[in-house]
Every structure is written in C-alpha cells, then in structure tokens.
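Chains, contacts and geometry: an overview
Listed here are the chains, written in short residue letters.
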Amino acid sequence: MTGYLIGDDSTCHKRRGRKMAGLGRHSSITERRAVVGRNLVQALYVAAGRRCPLMPQLYRQKASCDAAKQPFHSKVDLMEAPIRNVVPLSDTCTHVLLDAWYGAKRIWKAARDRGFTITTGLRANRAIRVAETEADGGWRWVDRASYAAGLSAADYQAVVCPHQEGAGRTVWVHTVTAIVRNLYRAQVLIVRTTLDGPANEVRFWATSDVRATVAATITHLAAHWDIEALFADTKDLLGLDHYQMMTTTAIVRFWTLALAAYVYLDEERARLRQERQRHVTIGDAQREVQCVHWAHLITWMQRQFCAGETTATLFRQLAA
C-alpha cells in the first residue's frame, strides 16, 4: 500500500492585521497576486483513505525574522523537516508529492535518504539532458519549455487522471527518462489538458520512480489534490484563516487546533462513507456532527422540562 506525504503552503490573507507578528507579503492563488498575511507550510500524510495533517509551520520572510531577532528558515527548510521526521505506517511505501516550489535537490535527497519515492513539479529554470550526436560529449542541456515545444501530438498519449468523486478526466502525457540539471536522474512528465492548448497550460513533473508506468504516475499526481482540499476545507469550514491572534505562537496553536478538528471530521467522514457506501465530503461530516449535537441538546431540554424545570432556568443555564 502506498502512503502519500504531500506538502504545500497556503497564505492566510490579513487585510487589517498590521500589528500582527509574522506578517509578510506572500503569493495568493485566490487573489492572483501577493497579499499581506501569514504563510502556512503544511504536510499531509494520506494512507488507506485517511488523512492526517502533520504539525503546521509558520513561514516568516527573512526581513520579518530579522526584525523579530528570530532565526530564518526557508520554505525548503520547513518542508525538509517532515520528510526526515515522519513515521509512516508499517508495511507501506511512502511517496512524497510536492509542487515545483519544493523541487530542490535537498528535498529530493531527504526523500532518497529515507527510501521514499518523490515526485515534484519542475520550475521554469530546469533543464534536462538529451542525447545529441553533434554536441560535445554526445548530449546537451535543453530547458523544459524548448523540449516541450519540439514535441508533436504523436509524442503524447492519452491517460485518464482519476478523481475521488467518480469518473476522471483525460490528459495528454509525454514522458522521458533523463538527468535533470541540479537534481537526479528522473522520469520527466509533460502534461497537457489539451493537445492544442497554450504553452502556459503545460505542466512539468519529475519522479524518482523511473520504472513507473504513465498511468501509475498520473494516479500519484492526482493524490496531490488532497492537500488543496485540506486548505479549502479548513478555511471554509473551520476558519483556518479567520482569526485575530497577534503572536506567532498563538497562530500556530490555533492552526493546530483547527487541524485537530479536521482529523476528527475526517474520521467521521470515513465512518459515514462506510455506512452509506458513497462519497462523503468533510462538509457532509460536519453537518452530520452538528445534527447529532442538536439532537442531544433537544433531548436534554425535553428531559429538563419533564423534570419540572422552567424556561427561565434553562435559559440561565444555556446563557451562562
């Protein structure tokens, strides 16, 4: 069984939090620009259909750390720690999934040192080594965009990208096994949603599992969506970015409590999925828990009335 260690970061936008510690300008996918806020670096372990967030980490930019006289840790530093320290389930193969921001050699080495497989995105400055008889040494470096531009439609194969809610979608994939500059020998995947789409829609990935089939690698990549769902669910349902904490210690504690609540809801989701034999969301689990709590409250109130308690007495108890 494969256990996924998935990592990413998310910005909690704070429009009026100028006096909050740990603020900086961070890229926001939602806002499509850099915004003022705090940046959460998060790892998520997924195995056997269960999701377990690891301890949240606050990323602070160097200027913020210098002002607070705190040591600076880059995002790569913060992401390397859970890779080296995670304790996977026994009898599982761990696969690390990260986006292009964390495709550093140090991250790959940390995964390789643990015996993990790793798949990361490739940034625009990456190049791959391709054979060329006329070049010195019989090879040359080609940047990822130039390599993709030289491919034809016949060089891609259609692969179904799975989706947890049902039927997947078809993507077009080209693979090549090559040395990636400043990295290792890897299987490079070039993924398109359509064959005639613009160049900026092409996605580049590299995996250390050079023997994996294309279908297997795409299945692994699809699991990366779990951490995006984690950020969306915890922000929308648990208020991960709705807080007024002033200190960095307080915000990490708040994030920890929110993620603990998420683990509880994920356990409820697994139970409901087993009972109902269909897909269940975190929102469905939250609503089910709320219904149970309301039922307990109404039952308690009924018992109090039957015991002779007055409305005024119950009101004082509930308002206390």
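Now for a look at the structure at hand. As the structure is a prediction and not an experimental result, all values here were calculated from the model.

Topic: the packing of aromatic side chains
Counted under the stated rule, the structure contains 4 aromatic pairs. Taken together, a centroid distance of 5.4 Å and an interplanar angle of 80 degrees make the contact between Trp139 and Trp141 edge-to-face. A residue is classified by how much of its surface remains accessible, and Trp139, at 28% relative accessible area, is partly exposed. Ring geometry for Tyr243 against Phe254: centres 5.9 Å apart, planes inclined by 50 degrees, an arrangement best described as tilted. Taken together, the positions of Tyr243 in the loop between helix H6 (225–238) and helix H7 (248–276) and Phe254 in helix H7 put the pair 11 residues apart, joining distant regions of the chain. Residue classification places Tyr243 among the buried positions, given a relative accessible area of 3%. Here the guanidinium or amino end of Lys105 rests over the ring plane of Tyr184, the centre of that ring lying 5.1 Å away. Positioned above the aromatic ring of Tyr184 is the side chain of Arg112, whose terminal nitrogen or guanidinium carbon lies 3.9 Å from the ring centre.

Brief notes about the packing of H6 against helix H8 (residues 282–306)
Between H6 and H8, the shortest axis-to-axis distance is 10 Å and the interhelical angle comes to 30 degrees. Relative to H8, the element H6 lies roughly parallel. For H6 against H8, the interelement crossing comes out right-handed. Taking contact as the criterion, the partners of Asp233, Leu237 and Leu238 in H6 are, on H8, Ile282, Gly283 and Gln286. Each residue belonging to the contact of H6 with H8 can be placed in one class, and the counts come to 3 nonpolar, 2 polar and 1 charged.

A look at the side chain of Thr207
Along the chain, the position of Thr207 falls in strand E13 (residues 203–207). Of the polar contacts made by the side chain of Thr207, one reaches the backbone nitrogen of Asp209; its length is 3.2 Å. When residues no more than four places from it in sequence are discounted, the contact partners of Thr207 are His95, Trp108, Thr117, Ile118, Thr119, Ala186, Gln187, Leu189 and Thr217.

Considerations on helix H3 (residues 105–113)
Within the span of H3, buried status applies to Ile107, Trp108, Ala110 and Ala111. One face of H3 carries all of its buried residues, which in axial projection span an arc of 160 degrees. Tucked into the core, H3 has its buried residues touching helix H2 (75–85), strand E6 (93–98), strand E7 (117–121), strand E12 (185–192) and E13.

Thresholds applied
- Residues numbered from 1 in each chain as written.
- Predicted model: local features only at pLDDT ≥ 70, side-chain atom pairs only at ≥ 80, totals over all residues.
- Heavy atoms only, no water.
- Phe/Tyr/Trp six-rings, centres within 6.5 Å; stacked < 30°, edge-to-face > 60°.
- Buried < 20%, exposed > 50% of the residue type's maximum accessible area, 1.4 Å probe, protein only.
- Helix = DSSP H or I, 4+ residues; strand = E, 2+ residues; numbered from the N terminus.
- Lys NZ or Arg CZ within 6 Å of the ring centre and 35° of its normal.
- Axes fitted to C-alpha atoms, helices over the stretch in contact; angles between N-to-C directions.
- Parallel < 35°, antiparallel > 145°, perpendicular 65-115°, else oblique.
- Left-handed = near helix turned anticlockwise from the far one by under 90°.
- Contact = heavy atoms within 4.5 Å.
- Nonpolar A, V, L, I, M, F, W, Y, C, P; charged D, E, K, R; others polar.
- Polar contact = N/O pair within 3.5 Å; in protein donor to acceptor, adjacent residues only side chain to side chain.
- Arc of directions from axis to C-beta.

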